[in-house]
Amino acid sequence: MSPAPALLAAPRGNRELLALLGRTPMARITAELPCPQPGFWAKLEGLGAGGMKARPAVAMLLGARERGELRPGAPVVESTSGTLGIGLAFAGQALGHPVVLVGDSELEPSVRQLLRTYGVRLELVERPAVQGGWQAARLARLRELLAELPGAYWPDQYNNPDNTAGYASLAAEMAAGLDHLDVLVCSVGTGGHSAGVAATLRRHWPALRLIGVDATGSTIFGQPARPRLMRGLGSSIHPRNVAYEAFDEVHWVGPAESADACRRLATGNFVSGGWSTGAVALVAAWAARVHPGAVVATVFPDGPHRYLGTVFDDGFAAAHGLDLARAARRPVEIPHPAAAEATGWARCRTVTDPLRRPARVPGRPARVPGRPARVPDRLAPAAEPAALAPLAPPEAP
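These figures come from a predicted structure and were not determined experimentally.

Brief notes about the overall build of the protein
- Helix and strand counts for the protein come out as 10 helices and 13 strands.
- Considering the protein as a whole, with its 397 residues, one finds that 58% of them fall into the buried category.
- A fraction of 74% describes how many contacts in the protein between residues 6 or more apart in sequence connect residues 24 or more apart.
- Surface summary for the protein: the accessible area is close to 16200 Å², and the carbon and sulfur share equals 55%.

Remarks on the packing of aromatic side chains
- Using the criterion set out here, one finds 3 aromatic pairs in the structure.
- Their ring planes at 90° and their centres at 5.3 Å tell us that F221 and F247 sit as a pair that is edge-to-face. Here F221 is found in the loop between strand 7 (209–215) and strand 8 (249–253), whereas its partner F247 is found in the loop between strand 7 and strand 8, with 26 residues between them in sequence.
- F221 gets classed as buried once you look at its relative accessible area, which sits at 1%.
- Among the residues examined, F247 registers a relative accessible area of 1% and is labelled buried.
- For the ring pair W275 and F316, a centre distance of 6.4 Å and an interplane angle of 50° mean the geometry is tilted. Placement of the pair is W275 in helix 9 (residues 275–290) and F316 in helix 10 (residues 314–319), with a sequence separation of 41 residues.
- For W275, a relative accessible area of 2% puts it in the buried group.

Observations concerning the nonpolar core
- Grouped together as the largest cluster of nonpolar side chains are 42 residues, with contacts concentrated most on L33, F40, V185, W275 and F300.
- At the level of secondary structure, the elements contributing two or more residues to this core comprise strand 1 (26–29), strand 2 (40–44), strand 6 (183–187), strand 7, helix 8 (255–269), helix 9, strand 9 (296–300) and helix 10.

Thoughts on the sheet that holds strand 1
- Read from one edge of the open sheet, 8 strands run 1-2-9-6-7-8-12-10, paired in mixed fashion. Looking at which strands have only one partner, the edges of the open sheet turn out to be strand 1 and strand 10 (332–334). Strand-to-strand twist in this sheet, taken as the mean axis angle between neighbours without regard to direction, amounts to 25°.
- The pairing of strand 6 with strand 7 spans 5 bridges and is classified as parallel. Across the sheet, the residue bridging to V183 is R209, located in strand 7.

Section: the pairing of strand 6
- For strand 6, the buried fraction is high: 5 of the 5 residues fall into the buried class.
- Residues of strand 6 alternate between two faces, with V183, V185 and S187 on one and L184 and C186 on the opposite face, all of them buried.
- As for the winding sense of the linkage, the β-α-β connection from strand 6 through helix 7 (residues 192–204) to strand 7 is right-handed.
- The pairing of strand 6 with strand 9 spans 3 bridges and is parallel.

Brief notes about the pattern of salt bridges
- Considering all chains together, one arrives at 22 salt bridges under this definition.
- Between R67 and E69 there is a salt bridge, with the nearest N and O atoms lying 3.0 Å from each other.
- The exposure class assigned to E69 is partly exposed, which follows from its relative accessible area of 42%.
- Beyond isolated ion pairs, a larger network of salt bridges with shared partners links R121, E123, R141, E144 and E148.

Concerning the confidence of the model for the protein
- The share of residues in the protein with pLDDT of 70 or more is 88%, and the mean pLDDT across the chain is 89.
- Overall, residues 392–397 carries pLDDT values under 50, and its contacts beyond four positions in sequence, including any with other chains, amount to 22 contacts.

Topic: helix 8
- For helix 8, spanning 15 residues, the distance from its first C-alpha to its last is 20 Å, which sits close to the expected 21 Å at 1.5 Å a residue.
- Contacts from the buried residues of helix 8 go to strand 1, strand 8, helix 9 and strand 9.
- F270, located one to two residues past helix 8, shows a positive phi value of around 70°.

What to know about the packing of helix 1 (residues 54–66) against helix 2 (residues 83–95)
- Across the interface, helix 1 lies against helix 2 with an axial gap of 8 Å and an inter-helix angle of 50°. Classified by the angle their axes make, helix 1 and helix 2 are oblique. For the element pair helix 1 and helix 2, the recorded crossing hand is right-handed. Of the residues in helix 2, those in contact with A54, A57, V58, M60, L61, L62 and R65 of helix 1 are L84, G87, L88, F90, A91, G92 and L95.
- Across the contact of helix 1 with helix 2, the residue classes tally to 11 nonpolar, 2 polar and 1 charged.

Basis of the calculations
- Residues numbered from 1 in each chain as written.
- Predicted model: local features only at pLDDT ≥ 70, side-chain atom pairs only at ≥ 80, totals over all residues.
- Heavy atoms only, no water.
- Helix = DSSP H or I, 4+ residues; strand = E, 2+ residues; numbered from the N terminus.
- Buried < 20%, exposed > 50% of the residue type's maximum accessible area, 1.4 Å probe, protein only.
- Contact = heavy atoms within 4.5 Å.
- Areas by Shrake-Rupley, 256 points an atom, 1.4 Å probe, with all protein chains shown as cover.
- Phe/Tyr/Trp six-rings, centres within 6.5 Å; stacked < 30°, edge-to-face > 60°.
- Core = buried A, V, L, I, M, F, W, Y, C linked by side-chain atoms within 4.5 Å.
- Pairing = 2+ DSSP bridges.
- Axes fitted to C-alpha atoms, helices over the stretch in contact; angles between N-to-C directions.
- Right-handed = clockwise from strand over helix to strand, strands pointing away.
- Salt bridge = Lys/Arg side-chain N within 4 Å of Asp/Glu carboxyl O.
- pLDDT = per-residue confidence, 0-100.
- Expected span 1.5 Å × (residues − 1).
- Parallel < 35°, antiparallel > 145°, perpendicular 65-115°, else oblique.
- Left-handed = near helix turned anticlockwise from the far one by under 90°.
- Nonpolar A, V, L, I, M, F, W, Y, C, P; charged D, E, K, R; others polar.

Given below as structure tokens:
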């Protein structure tokens, strides 16, 4: 256990920073991802102050202050893989709270330096937990810090409804910028982004189809937990903010497909980003191809700078066995999340809460109806067995 940290000095607070939130541009993406596609809209949240998660970070702290859970000048403690940490650094400066973040040893050195530059106290765990991986290890250290820091507040991004509410402004900006929307593609990590944006946009367009994008090795939609190379989407736990009933289908995307999409974005549309951006771009382009005439939109959570040594580095790809030239060009279709393990790009039109699903009969996937499709599927991709594996007992993430 680390020694008890000294009392933290609160920043003065600068509410003028809140005027920088939001109003990020939307871009029309027409790059080949990886095939020609008619184009989709992308909200470029990486160009906003504090990134996409500055919105929910501010919402969570303001909500806690209004309820009396966060006192003026009290420290804020949270677990992060990076993106929310930057948002909380912004919110802490704006509202006058010191921020303590628990990351892990896989957090990129550039992000560590950036967070410390913003005045964050950063603690790193060195080993993943046997059950729950890096997330569980970070949460264990977080609970220690809560006991060590008097009056500290934990936003609990995975289960805090203010996380979801914080994305209402993002959805409102998208609604104002689009005449119509048929398909929304959202990455899923804590679940707040997809739940908040979809709920607001469906007030404008009730028939909106929502496609969730998860990482291979993530447990969110019922796949077994595996070690994950991709950060920023996916989870080794089951966040309560995930609105399972809101999704029409889910795609799992592997790191090779995501990295290939990021590079194609950079050379074909100039705007790009990291793992989440590549994954949603790939699926949004696919949706635009298979739903001719449909208006498709997604959100690019960040820009490329954090990922110059990973996603955009040939040495990193080679060291991790990522053959971008062989990245899947279309998803494998599986009937149910329990039917097979996705080891590459896969698609499932049955979406269920894995903590509430009925028991699976050995040798036969459970049949749980998902929400009906609003936009007819015009292409059911043929199976590519290399992207699937038989289900096996999960390993420690």
